[in-house]
Amino acid sequence: MIGMYAKALRRTAIAIAALFLTGSITACSHADSTSTTDTGSESNNVQQEINFNSLAEEDTDATYDTDKVTKITLNGTNAAISGNGASVSAGSVVIASAGTYLLEGTLTNGQILILTDKTATVRLILNGTSITSTNSAAINGQQAVKIFVTLADGTENALCDGTGYDSGEDAPSGTLYANNDLTINGTGSLTVTGNCNN
């Protein structure tokens, strides 16, 4: 169990890079106040202690109001959107406004691109979601003050990136990328496959 919270890093993908090495993660509730996570290979063993008492309440709160979400149904190389704040462009879903977005289904060649104003908070609810990008990150959080990824109860979710990314200062560097604060919470499961950098 790893990566429930990565905070105050210019590039959050660096902080959560170790979780991609394992191939999968599971986020769940913790009764312990601290947890030690062991990742890496035999030659490079990394331990990270997470103090769950230091997390803000919003970081562990995986609840959401189903009446106030924008629903995004992924279907192959396209998506249907019911609600405000998101659009589809060239097979990718672009989130341009603060809000809660419920994602379901499978995207076989695209990404979720978060490009809001710098003060926006975005929550993605993965509800049986599989996202594969052939040339970038599956979730690309380029701009927002904070991004939450909530794994819906009882669901299995998967993210997979491409083997090569575009270069540039703000180019993503991992399957689940955030250029800001990122919180992963919820009791569902998440399998992450890193083909490029991790």
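Right above here is the structure, for reference.
Everything numeric in this text was worked out from a predicted model, so none of it was measured. (Residues numbered from 1 in each chain as written. Predicted model: local features only at pLDDT ≥ 70, side-chain atom pairs only at ≥ 80, totals over all residues. Heavy atoms only, no water.)

1. Details of the pairing of strand 7 (residues 86–89)
And then number 1: Judged from the four bridges that link them, strand 7 and strand 8 (residues 92–95) form a sheet pairing that is antiparallel. Residue pairing in the sheet places S87 in a bridge with V94 of strand 8.
And then number 2: The turn linking strand 7 back onto strand 8 is made up of two residues, and A90 within it adopts a positive phi angle of 50 degrees. (Pairing = 2+ DSSP bridges. Helix = DSSP H or I, 4+ residues; strand = E, 2+ residues; numbered from the N terminus.)

2. Some words on unusual backbone geometry
And then number 1: The phi torsion at A90 lies on the positive side, around 50 degrees, for a residue other than glycine.
And then number 2: Within the element layout of this structure, A90 appears in the loop between strand 7 and strand 8.
And then number 3: Judged by relative accessible area, which is 82%, A90 ranks as exposed. (Buried < 20%, exposed > 50% of the residue type's maximum accessible area, 1.4 Å probe, protein only.)

3. A word on the sheet that holds strand 7
And then number 1: Strand order in this open sheet of five strands is 7-8-10-12-15, and the pairing throughout is mixed. The open sheet is flanked by strand 7 and strand 15 (176–178), the only strands paired with a single partner. Strand-to-strand, the axes of this sheet are offset by a mean angle of 15 degrees, without reference to chain direction. (Axes fitted to C-alpha atoms, helices over the stretch in contact; angles between N-to-C directions.)

4. A word on the pattern of salt bridges
And then number 1: As enumerated under the stated definition, the model contains one salt bridge in all.
And then number 2: The partner of E104 in a salt bridge is K71, and the shortest N-O contact between them spans 3.4 Å. With E104 in strand 9 (residues 99–107) and K71 in strand 5 (residues 70–76), this residue pair connects regions lying 33 residues apart in the sequence. (Salt bridge = Lys/Arg side-chain N within 4 Å of Asp/Glu carboxyl O.)

5. Side note on the nonpolar core
And then number 1: Residues L74, I95, L103, I112, L124 and I131 are the most contacted members of the largest nonpolar core, which totals 28 residues.
And then number 2: Take this core: its biggest share by element is four residues, from strand 11 (residues 121–132).
And then number 3: In contact with I112, not counting residues within four places along its chain, are L74, V93, I95, L103, L124, I131, A138, I139 and N140. (Core = buried A, V, L, I, M, F, W, Y, C linked by side-chain atoms within 4.5 Å. Contact = heavy atoms within 4.5 Å.)

6. Considering the side chain of T116
And then number 1: Along the chain, the position of T116 falls in the loop between strand 10 (112–115) and strand 11.
And then number 2: Excluding residues within four positions of it along the chain, T116 makes contact with I95, A96, S97, A98, V122, Q143 and A144.

7. A look at the environment of T77
And then number 1: Position of T77 relative to the elements: it lies in the loop between strand 5 and strand 6 (78–82).
And then number 2: Classification of T77 by relative accessible area gives exposed; the value is 52%.
And then number 3: Considering only alpha carbons, one finds T77 and T106, 29 residues apart in sequence, at a separation of 8.4 Å.
And then number 4: Those residues in contact with T77 that lie beyond four places of it in its chain are G91, L107, T108 and N109.

Nothing here speaks to function; it is all geometry.
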